[in-house]
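Remarks on the overall topology
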Amino acid sequence: MCNLITFEGQVVVSSRVVAEDFGKRHNHVMDAIREKLTTENSVVKNWFIESEFEHRGNTYTEYLMTRDGFSFLVMGFNGREADEFKIKYIEAFNRMEARLRTTIVPLDSYMIDDPVQRAERWIEEKKICLAYEAKALRHDEIYNSPALKTTTDIAKDLGINATQLNKILNRKGIIFKKSGTWYPYAKYEHLIANGYCDYEINERGQILKWTEKGRVFIMDAVKGQMELGLLGGLFK
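Residues numbered from 1 in each chain as written. Predicted model: local features only at pLDDT ≥ 70, side-chain atom pairs only at ≥ 80, totals over all residues. Heavy atoms only, no water.

Overview of the overall build of the protein
- Each helix and strand counted, the protein has 10 helices and eight strands in total.
- Expressed as a percentage of its 236 residues, the buried residues of the protein come to 41%.
- A fraction of 57% describes how many contacts in the protein between residues 6 or more apart in sequence connect residues 24 or more apart.
- Just so you have it, the protein exposes about 13,600 Å², and 50% of that area is on carbon and sulfur atoms. (Helix = DSSP H or I, 4+ residues; strand = E, 2+ residues; numbered from the N terminus. Buried < 20%, exposed > 50% of the residue type's maximum accessible area, 1.4 Å probe, protein only. Contact = heavy atoms within 4.5 Å. Areas by Shrake-Rupley, 256 points an atom, 1.4 Å probe, with all protein chains shown as cover.)

A closer look at the layout of surface pockets
- Approximately 310 Å³ is the volume attributed to the second largest pocket.
- Around the second largest pocket sit 15 residues that line it, and Gly180, Trp182, Gln206, Ile207 and Leu208 are the ones nearest its centre.
- Of all the secondary structure elements, the ones that give two or more residues to the lining of the second largest pocket are helix H7 (151-158), helix H8 (162-171), strand E6 (181-184) and strand E8 (205-210).
- Residue contributions to the lining of the second largest pocket peak at five residues, all from E8. (1 Å grid on protein atoms, 1.4 Å probe; cavity = no way out; pocket = protein on both sides within 12 Å on 5 of 7 lines; lining within 4 Å. Points joined across faces, edges and corners; volume = space filled by probe spheres on them.)

As for helix H4 (residues 67-74)
- The buried fraction of H4 amounts to eight of the eight residues, a majority that puts the element mostly inside the structure.
- Among the residues of H4, those classed as buried are Arg67, Asp68, Gly69, Phe70, Ser71, Phe72, Leu73 and Val74.

So, the side chain of aspartate 21
- Within the secondary structure, aspartate 21 is located in helix H1 (residues 15-21).
- In this structure, aspartate 21 is buried with no salt-bridge partner, the nearest side chain bearing the opposite charge being lysine 88 at 9.0 Å.
- Separated by 2.6 Å, the side chains of aspartate 21 and tyrosine 89 make a polar contact. (Lys, Arg positive; Asp, Glu negative; His and termini not counted. Salt bridge = Lys/Arg side-chain N within 4 Å of Asp/Glu carboxyl O. Polar contact = N/O pair within 3.5 Å; in protein donor to acceptor, adjacent residues only side chain to side chain.)

What about the sheet that holds strand E3 (residues 48-55)?
- With antiparallel pairing, four strands are arranged side by side in an open sheet as E1-E2-E4-E3. The outermost strands of the open sheet, each flanked by one partner alone, are strand E1 (4-7) and E3. Neighbour-to-neighbour, the strand axes of this sheet turn through a mean angle of 45°, independent of strand direction.
- As paired strands, strand E2 (residues 10-14) and strand E4 (residues 58-65) are joined by two bridges and run antiparallel to one another. Directly across from serine 14, in E4, lies its bridge partner leucine 64.
- Its contacts with the sheet place H4 against E2, E3 and E4, and it is angled at close to 95° to E4. (Pairing = 2+ DSSP bridges. Axes fitted to C-alpha atoms, helices over the stretch in contact; angles between N-to-C directions.)

Observations concerning the pairing of strand E7 (residues 197-202)
- Relative to E8, E7 is paired through six bridges, and the arrangement is antiparallel. From the neighbouring strand, tyrosine 199 faces E8, where its bridge partner is leucine 208.
- In sequence, E7 turns back onto E8 through a hairpin of two residues.

Concerning the nonpolar core
- Ranked by internal contacts, the top residues of the largest apolar core, which has 27 residues, are Val13, Val18, Phe22, Phe48, Phe70 and Tyr89.
- When residues of this core are traced back to their parent elements, those giving at least two are E2, H1, helix H2 (26-36), E4, H4 and helix H5 (80-101).
- Among the elements that make up this core, the one with the highest residue count is H5 (six residues).
- In contact with phenylalanine 70, not counting residues within four places along its chain, are Val13, Val18, Phe22, Met65, Lys86, Tyr89 and Phe93.
- Judged by nonpolar contacts, the second largest core, of 24 residues, contains Ile175, Leu208, Met219 and Val222. (Core = buried A, V, L, I, M, F, W, Y, C linked by side-chain atoms within 4.5 Å.)

Brief notes about the pattern of salt bridges
- As enumerated under the stated definition, the model contains seven salt bridges in all.
- For glutamate 62, the salt bridge identified is with arginine 16, shortest N-O distance 2.8 Å. With glutamate 62 in strand E4 and arginine 16 in helix H1, this residue pair connects regions lying 46 residues apart in the sequence.
- Arginine 215 is paired through a salt bridge with glutamate 212; the nearest N and O atoms lie 2.8 Å apart.

Some details on the packing of aromatic side chains
- Scanning the model with the defined rule gives 13 aromatic pairs in all.
- When the centroid spacing of 5.5 Å and the interplanar angle of 45° are considered together, the rings of phenylalanine 22 and phenylalanine 85 count as tilted. Of this pair, phenylalanine 22 sits in the loop between H1 and H2 while phenylalanine 85 sits in helix H5, and the two are 63 residues apart along the sequence.
- Grouped by ring-pair contacts, the aromatic residues Phe22, Phe70, Phe77, Phe85, Tyr89 and Phe93 constitute a single cluster.
- Above the plane of the ring of phenylalanine 72 lies lysine 36, whose end atom (NZ or CZ) is 4.7 Å from the centre.
- The side chain of lysine 88 reaches across the aromatic face of phenylalanine 85, ending 5.5 Å from its centre. (Phe/Tyr/Trp six-rings, centres within 6.5 Å; stacked < 30°, edge-to-face > 60°. Lys NZ or Arg CZ within 6 Å of the ring centre and 35° of its normal.)

Below, the structure written as structure tokens:
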């Protein structure tokens with residue numbers, strides 16, 4: 001489940017793994033990827049890397065997909081179980097990418113013959129590694145923070161306003177409005193239990209707000225359309 005690997009310095013997942021986790025035939029997932037690759041947008045083509053694997057002596061084709069490729073592909077997979085897998089994958093990508101950032105420092109001190117210079121270089125490398133580890137830890141702390149932020153704050157990151165973002169999430173079947181308050185649809189109620197969003201009570205009533213995990217979830221939910229310039233059509 002969520003078996004991610006690194007390829008050329010980036011975190012990717014095999015189309016075979018995605019097919020297995022989401023209960024789909026691999027050839028159907030391959031067809032879906034090929035259909036998306038027919039777009040003329042060059043950005044999409046960078047999200048999917050054609051590769052090969054062997055099975056019982058035969059060679060077959062698969063695709064390695066980046067976080068963006070994965071999000072772009074599975075946004076069309078529906079159902080509560082599919083949504084739960086999407087969340088698990090997003091969290092796995094976050095952890096893997098944070099871990100990768102701590103290992104990108106070139107460690108070449110062992111190649112230096114002079115013991116003093118080798119020691120100095122080792123100390124320098126250690127400081128850099130510790131800095132990366134601290135940055136990754138800070139990333140995890142922020143990601144898992146229970147602090148709530150408004151839809152307005154998240155919308156600003158997307159270059160739109162809160163009304164537009166709520167409309168997008170509504171049309172994607174994630175939230176709905178009742179008596180002036182936004183609520184997750186039934187299949188997304190688990191977002192509250194899993195720390196992605198919560199309600200804040202004030203003098204105006206109950207307001208749905210999002211944690212950093214929720215912000216990442218929203219970004220991934222609309223990012224494919226952002227990259228392709230399709231958000232404008234959702235505002236109509």
